[in-house]
Amino acid sequence: MLQEAKDLQNRAVEELFRKAHGAKKELTFRAPTGSGKTRMMADFMNRLLTEQKDIIFLVSTLSKGNLAQQNYDTFVSCSQGGTFPKLKPYLINTEISGEEELFIPTDHNVYVLPRDLFKAGGLLTRGPLDHFLRTMTNGDFAMGLGKRIYLVKDECHQATKNLDEISTRYFARTFNFSATPKLSRGQAPDVQISDEDAVAAKLIKRVELIDDSEATVDDAIDKFMEIKAQYNNLIGVHPCLIIQISNKDKAEEEWREKIKPALDKHQALKWMVIVNTFKTTGAEDKAKELLCDTNDDVRKKLPVARWKDYAKGNNSTIDVIVFKMVISEGWDIPRACMLYQVRDTQSRQLDEQVMGRVRRNPRLLDYETLPKEAQQLASTAWVWGIRPENMKQVLPVKLWKKGSMNVKEQILVSTTKLTGLTERKDFDIEHFMHRQRKPTTYTDIFALYKKMKQGDNTLQELCFDYAREDYQKWWNFMQNYDMVKREYDSFICDYRESMVFDKETSFPAESIYIDSDNRNEIEDWLWCRREPENTTFAFDSDAEREWANYLATKIAVREAAEVAQLDSDDERYLWGKNYPYNSEIKYEYYDNGIHKSYPDFVLKDKRGRIHIFEVKSVNGGNSVDFDVEEYEAKINILKECYRAASEKLKNHLFYIPVKNGDVWNIFRYVDGQELTMTKQQFKSSFDE
């Protein structure tokens, strides 16, 4: 997994953990589907259980889609694998014989409750759950174990009326988790991972939304056929197209008249249809039946209940899966890369939960090992449907191609990277390990494995390169892990040794950005929209928008002419936003792991100098939880990176413009030296 993905998850859990120490009794955590929400939930519970010995968790989750079992299995895996060892999970179920009484043991600390088990008339509502909760707490008679119960609502956007009714009696705190929390229920996110951040970290796929009412099932299948071979060859995963029947009352009609005829045109495709339908069998009687079919003769012999399990696997041969709307939660299928919503006059907007089915990264754990083309494929989802109202629009951009100027040749940017410990001239891992003293006490293998998995990716690679298939070497390395890390940190933080030239690169030919309210009209720069006459571009923050406007109107505007008309002999300014998607303009720095800084803007002046800008603001926007000290600490880490990079890369000038109130403080780095500038000094420097 990319270090950026680990860091994003870790920062989110740390923030939730910090807020759990506040006075607020109910907190809401929002993370997009596919971003590792269950694992982050496990991490959060493990941290609280490590600190507080008198608590237990009741995790309420959906009954459908076997989601409770999935969550339980994840908790068990995290616990037994040593990742989160404090978890002692138990799955509450009502599968007992008629002679037995339902019993919930009291020696666990994480209880997974399928929501529908606790409903009117069910076994749990007849006393067993109430008895369990009274036993774990002090109950009504101070006879219990004195535990505090924290309620965790997984998929909290779904109602939990029966649990809510007993909440004040038994639950000390409530933690809501969902990709789509309900604001109408007071579930405004206290902590959240945005879709944009999750996409940037490659936790989930970006969505290429085809919002075209004329698009047909045939269009989706044609696109699927186009990328199927690429998926198999480049990613090593068999892709899948999901077709969503949006109108359950017309399920059979849509299947018979729209979907099946389109599939019949491609005999080589394996498909599966699993749809609940209602058929009229009498004057007023309705019998619930299943519309289930497949052209896979082998799978057809299996019970329908096992079809979905088979279809999930990365090597499943099922190409197309047809479902109705209720695939929204509880079904993970990372190989699904396309979603088509059947259109009719009653079609509703796409549900973010439904879209989440095709946004999981199929190669998340080893994404960094894939070649660039495979990475782009694995991190893209194609969706045909009606855009959700709260879904931000993804807009494509491309470099100007008019005239004789080749931008990719005219503006070349040098980048830096950090080398590993093995690159240090006087370091030899074999000699280093030989010099280490044998420990007087030994850590168990599960704790060692947990330490390795939670550590920096580079140290994991160093361990595997050193040990390879020699278990004793792995054991010795991990027993001395802290000594290796100390040596590694000492080297990697000394940028004079660890930072080296990486490559000379330019802007990508094509990229994307997320639309926002922070928009500018910009004509004279390197990018154009799909409709060249549209010169409106959006930015990540108001500070970034303001700085872009300053560059456009005060700096790059000199001797202005449209970039489209420039030729190779022109001496005018070339500049543009460094959109991270597809970009290789990045600089590595160390902050408890190697990270990549993608600067916001790049400008080439008339003298051929390259100016790099990373815009920051300590104003914090509208966030009441903005931590200025923490943010400034991150800026200082970035300053050191850019200072060192400026020393390595001649003819490159690095800037960190920081907005504080209405004032801009501009930190410039040239040849390893820092200079603090005002806007006027910065503007005047272009005449030097």
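You'll find the structure just up there.
Numbers given to residues run from 1 along each chain, matching the order in which its sequence is written. Per-residue local features are limited, in this predicted model, to residues with pLDDT of at least 70; the limit for side-chain atom pairs, both in listing and counting, is 80 or more; totals at the level of whole chains, interfaces and linings are taken over all residues. For side-chain calculations, the full set of non-hydrogen atoms in the structure is used, while hydrogens and water are omitted.

(A) Inspection of the pairing of strand β28 (residues 652–660) at higher detail. Buried residues dominate β28, accounting for 8 of its 9 residues. In this structure, strand β26 (residues 610–613) lies alongside β28, joined through 4 bridges in parallel fashion. Looking at β28, one finds that Ile610 is bridged to His652. Should DSSP find at least two bridges between two strands, the strands are regarded as paired. By definition, any uninterrupted DSSP run of H or I lasting at least four residues is a helix, any uninterrupted run of E lasting at least two residues is a strand, and each is numbered from the N terminus. One ladder, built from 2 bridges, connects strand β27 (residues 616–617) with β28; its direction is parallel. Along β28, the bridge assignment pairs Ser617 with Lys659. Judged from the 7 bridges that link them, β28 and strand β29 (residues 663–670) form a sheet pairing that is antiparallel. Within the sheet, the bridge partner assigned to Pro657 lies in β29 and is Ile666. Hairpin connection of β28 to β29: 2 residues between the antiparallel strands, including Gly661 at a positive phi of 70°. Think of it in three bands: with a 1.4 Å probe and only protein chains considered, a residue is buried below 20% of the maximum accessible area for its type, exposed above 50%, and partly exposed in between.

(B) Region of interest: the side chain of Asp190. Residue placement: Asp190 occurs in the loop between β6 (171–178) and β7 (191–192). Definition of a polar contact: a pair of N or O atoms within 3.5 Å, with one able to donate and the other able to accept a hydrogen when the atoms are protein atoms, and with sequence-neighbouring residues admitted only if both atoms are side-chain atoms. Within the local environment of Asp190, its side chain forms a polar contact with the backbone nitrogen of Thr28, the two atoms lying 2.8 Å apart. The residues contacting Asp190, other than those within four sequence positions of it, are Glu15, Lys19, Lys24, Glu26, Leu27 and Thr28. Throughout, a residue-residue contact means that at least one pair of heavy atoms, one from each residue, lies within 4.5 Å.

(C) The packing of aromatic side chains, seen in detail. Paired rings are identified among Phe, Tyr and Trp, the last through its six-membered ring, by centres lying within 6.5 Å, and are further divided according to the angle between planes into stacked (under 30 degrees), edge-to-face (over 60) and tilted (the rest). For the structure shown, the criterion picks out 34 aromatic pairs. Residues Trp525 and Phe539 carry aromatic rings whose centres are separated by 6.2 Å and whose planes lie at 55° to one another, so their mutual orientation is tilted. Taken together, the residues Trp525 in the loop between β19 (519–521) and β20 (527–529) and Phe539 in the loop between β21 (536–538) and α21 (542–555) connect sequence positions 14 residues apart. Judged by relative accessible area, Trp525 falls into the buried class, the value being 0%. Residues Tyr642 and Phe654 carry aromatic rings whose centres are separated by 5.2 Å and whose planes lie at 40° to one another, so their mutual orientation is tilted. In this pair, Tyr642 sits in helix α22 (residues 628–648) while Phe654 sits in strand β28, placing the two residues 12 residues apart along the sequence. When sorted by exposure, Tyr642 lands in the same class as Phe654, which is buried. An aromatic cluster is present here, built from Phe507, Tyr513, Trp525, Trp527, Phe537, Phe539, Trp575, Tyr579 and Phe601 joined pairwise through their rings.

(D) Fine view of unusual backbone geometry. With phi around 55°, Glu155 is a residue other than glycine that occupies positive phi space. Within the secondary structure, Glu155 is located in the loop between β5 (148–154) and α5 (161–165). In the Ramachandran plot, Lys202 falls in the positive-phi region, its phi being about 65° despite a non-glycine side chain. Mapped onto the elements, Lys202 comes out in the loop between α7 (195–200) and β8 (206–210).

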